[in-house]
Amino acid sequence: MRNAMVGLIVPAAGMGVRLGVGMPKALYTVGGQTLLSHAVRAAVESGVVSAIVVAAPPGLATRVLEFVQPEIPADVLVRVVDGGVSRQSSVRAALTAMSSDIDVVLVHDAARCLAPPRLFAEVAAAVQAGRAAVVPGLEVVDTLKQVDRRGSVVDTPDRTVLRAVQTPQGFRRGLLQRAHDAATGDEATDDAGLVERLGQPVYVVPGDESAFKVTRPLDLLLAEALLAARAADEGHR
Ligand code: CTP
Ligand code: MG
C-alpha cells in the first residue's frame, strides 16, 4: 500500500437545509470562494491526491465543474457525478466513477471546507502504512446525554472514551466498496460507520479543529473569521 495511488471523493450534493441559505451549501461563498472550492484546494495542496470525483447537487454538475476546475492541476483527473438523495448514495455514485488505478480513497465533505492539507496527508499516510480504515477524531468538549423519545436522560456516557469524528476519512478502496455494497438503508452519516458494520477495524488519528463542518449559520461566521485570519497570516509572510 505504500505507493498506492490516492483518490478523493467529495460529497457535495446536500441541500444545506440547516444552514438555510436557500441553495446547496457546497456552492455557497465564504471568503470569496465556494465551500467546495476551499475543500478541493486544500486536498490538492496536500499533494497526495491524483484523482477527484465530486458528487454534485442534481442538475448542477456543469456549474460544479466550473467551480472546481481552477483548483485542479493538470496531472490530477477530475470527474463530477450527480449525487443521490442521501450522503451515502452520493458517495456510492462517486466511488463507481473513481478511476480503476486508485487503491486508496479519501472521502471528504465539501462542508468541512477548512480542513488543512496536512490532515489529508496524515489520513492517506495511515492507510498507506497499513490501516484499512482511518478517521480523524477530536476529544469531545461537551458532556453528552443519551435520551429517550420523550426527552428524558437515559445515560451519560463517559466522555473520555468518545471522539467527534471528521473527514477526510481514508480507506482501502476494496474495503470501502464492500462496505457500501453491504449497506442497507440510507442512514449512515459517515463511511467509517459502514465499515464498522462489516466488523472491520477503524483507526482514529488526531483530527483538527479547523476541519469542523459548516452546518448551521454560526459556522459561517467561524469560517469567515478563520479565512480572514489565514489571509492576514499570508499577508505577514
Ligand atoms: N451530501 C451529499 N449528498 C446528499 C446529502 C449530503 O453529497 N444527498 C454531502 C453534503 O453536501 C456535505 C456532506 O454530505 O458536504 C455532509 O452533509 P451535511 O452536512 O448534512 O450537508 P447537507 O445535507 O447539505 O445539510 P443538511 O443536512 O442541513 O441539509
Ligand atoms: Mg445532511
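In what follows, the accompanying structure is described. Here the structure is a predicted model, which is why all the values come from computation and not from measurement.

Conventions used here
Residues numbered from 1 in each chain as written. Chains lettered and ligands numbered in written order. Predicted model: local features only at pLDDT ≥ 70, side-chain atom pairs only at ≥ 80, totals over all residues. Heavy atoms only, no water. Axes fitted to C-alpha atoms, helices over the stretch in contact; angles between N-to-C directions. Helix = DSSP H or I, 4+ residues; strand = E, 2+ residues; numbered from the N terminus. Parallel < 35°, antiparallel > 145°, perpendicular 65-115°, else oblique. Left-handed = near helix turned anticlockwise from the far one by under 90°. Contact = heavy atoms within 4.5 Å. Nonpolar A, V, L, I, M, F, W, Y, C, P; charged D, E, K, R; others polar. Near = heavy atom within 4 Å. Polar contact = N/O pair within 3.5 Å; in protein donor to acceptor, adjacent residues only side chain to side chain. Areas by Shrake-Rupley, 256 points an atom, 1.4 Å probe, with all protein chains shown as cover. Buried < 20%, exposed > 50% of the residue type's maximum accessible area, 1.4 Å probe, protein only. Pairing = 2+ DSSP bridges.

### Some words on the packing of helix α3 (residues 87–96) against helix α5 (residues 173–182)
Close contact between α3 and α5 brings their axes to 11 Å; oriented N to C, the two are set at 135 degrees. In terms of their interaxial angle, α3 and α5 are classed as oblique. The handedness of the crossing between α3 and α5 is left-handed. When α3 is examined against α5, the residues Gln 88, Val 91, Arg 92 and Leu 95 are found in contact with a partner set consisting of Arg 173, Leu 176, Gln 177 and His 180. Residue composition of the contact of α3 with α5, grouped by class: 3 nonpolar, 3 polar and 2 charged.

### So, the site of ligand 1
Around ligand 1, a shell composed of 18 residues is seen, among which Pro 11, Gly 16, Val 17, Ser 90 and Lys 213 lie nearest. A distance of 2.8 Å separates an oxygen atom of ligand 1 from a polar backbone atom of Pro 11. Interatomic distance of 2.7 Å between a backbone N/O atom of Val 17 and an oxygen atom of ligand 1. Expressed as a share of its isolated accessible area of 560 Å², the protein-covered part of ligand 1 is 86%. For the shell around ligand 1, the per-class residue count stands at 8 nonpolar, 5 polar and 5 charged.

### Description of the pairing of strand β1 (residues 6–11)
Every regular strand shows the same layout, with side chains that alternate between the two sheet faces. The element β1 is extensively covered by neighbouring structure, given that 6 of its 6 residues are classed as buried. Burial along β1 is two-sided: Val 6, Leu 8 and Val 10 facing one way and Gly 7, Ile 9 and Pro 11 facing the other are all buried. With 4 bridges joining them, β1 and strand β6 (residues 104–107) adopt parallel strand pairing. Directly across from Val 6, in β6, lies its bridge partner Val 104. Pairing analysis gives 5 bridges linking β1 to strand β4 (residues 51–56), with the strands arranged parallel. When the bridges of β4 are listed, Gly 7 appears paired with Ala 51.

### Looking at the pairing of β6
Alternating residues of β6 divide into Val 104 and Leu 106 and Val 105 and Val 107, and every residue in both groups is buried. Sheet topology places β6 next to strand β11 (residues 169–172); 4 bridges connect them, and they run antiparallel. Bridging across to β11, Leu 106 finds its partner in Gly 170.

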